[in-house]
Amino acid sequence: MDIKLVKDILEANDVVARGIREKLEQSGTVMINVMGSPGSGKTSLIAKTIEGMGETHRIGVIEGDICTSIDAERLARYHIPVVQINTEPFGGECHLPAPAVGKALESFDLSSCDLLFVENVGNLVCPAEFEIGEAAKVVVLSLPEGDDKPLKYPLMFRESRAMVISKIDLGPHIDTNIGKLTGNAHLVNPGLDIFLLSAREGTGLEAWFAWLEGVLRSKG
Ligand code: MG
Ligand code: ZN
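Residues numbered from 1 in each chain as written. Chains lettered and ligands numbered in written order. Predicted model: local features only at pLDDT ≥ 70, side-chain atom pairs only at ≥ 80, totals over all residues. Heavy atoms only, no water.

Overview of the layout of surface pockets
(1) Moving on: Considered as a void within the structure, the largest pocket measures approximately 250 Å³ in volume.
(2) Moving on: Along its surface, the largest pocket is lined by 16 residues, and P38, G39, K42, D71 and E119 are the ones closest to its centre.
(3) Moving on: Elements represented by at least two residues in the lining of the largest pocket include exactly helix 2 (42-53), strand 2 (59-65) and helix 3 (70-76).
(4) Moving on: In terms of residue count, helix 2 provides more of the lining of the largest pocket than any other element does, three residues in total.
(5) Moving on: Tallied by class, the residues present in the lining of the largest pocket amount to three nonpolar, eight polar and five charged. (1 Å grid on protein atoms, 1.4 Å probe; cavity = no way out; pocket = protein on both sides within 12 Å on 5 of 7 lines; lining within 4 Å. Points joined across faces, edges and corners; volume = space filled by probe spheres on them. Helix = DSSP H or I, 4+ residues; strand = E, 2+ residues; numbered from the N terminus. Nonpolar A, V, L, I, M, F, W, Y, C, P; charged D, E, K, R; others polar.)

Encoded structure:
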């Protein structure tokens, strides 16, 4: 019984996700689902991307958090459309399900948005289980989280098309082996595109921007 219930929830989610995908295709909007642990640097990555690509692309953000609008307020300073979803009123869900994203999309003028980031709730587990109609999933893993994470949380790395390894400026202070980390990630997902960057120092961003340009050109 329990197994069937979970399956039904995921199927219902996927139906909504398909509707979202069609809607985004019609407006020509590329939606990127940004996932990763709390504190991995998702908001900083999005902020740096707005700084680097915001002049040439019309960017919007959906911010998913259990509580607060701290991240949304930080990104709204760039004068772009930002919509906050707080999951606490709905039981504090630790991921964004497709219906919540669909509801947030109603607040956007999609015809004037080329690139839409969804910052998922900070969590390395269940956000990867829920399709939201995105063009691509991206996992942000900060270097201090360690090189074993792709093996311990394989679904996240298998579902993602790209992995951003953030905070690489901390490398000299910690024991994470970058070669081992990228090797473990490719064991789980051989096709994963990997980027190493430091939002704080502004290094490694160009390759990430080029990857996004490729996704934009192919419209997903
Ligand atoms: Mg954040
Ligand atoms: Zn969850």
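Following the structure, the description resumes.
With respect to the coordination of the magnesium ion (ligand 1)
(1) Moving on: Within the first shell, the magnesium ion (ligand 1) binds the protein through T43 (OG1), D71 (OD) and E119 (OE), at distances of 2.0 to 2.1 Å.
(2) Moving on: All donors to the magnesium ion (ligand 1) come from one chain, and their sequence spacing reads T-x27-D-x47-E. You can see D71 sitting in helix 3 and its partner E119 sitting in strand 4 (residues 115-119), a full 48 residues away along the chain.
(3) Moving on: Take D71: its relative accessible area is 17%, and that puts it in the buried class. (Donors = N, O, S within 2.8 Å, 3.2 Å for Na, K, Ca; no water. Buried < 20%, exposed > 50% of the residue type's maximum accessible area, 1.4 Å probe, protein only.)

With respect to unusual backbone geometry
(1) Moving on: With a phi close to 70°, T68 is a non-glycine residue in the positive phi region.
(2) Moving on: Positionally, T68 belongs in the loop between strand 2 and helix 3.
(3) Moving on: With relative accessibility at 42%, the residue T68 sits in the partly exposed group.
(4) Moving on: You will see that H79, though not glycine, has its phi angle at about 55°, which is positive.
(5) Moving on: Tracing the chain through its elements places H79 in the loop between helix 3 and strand 3 (82-86).

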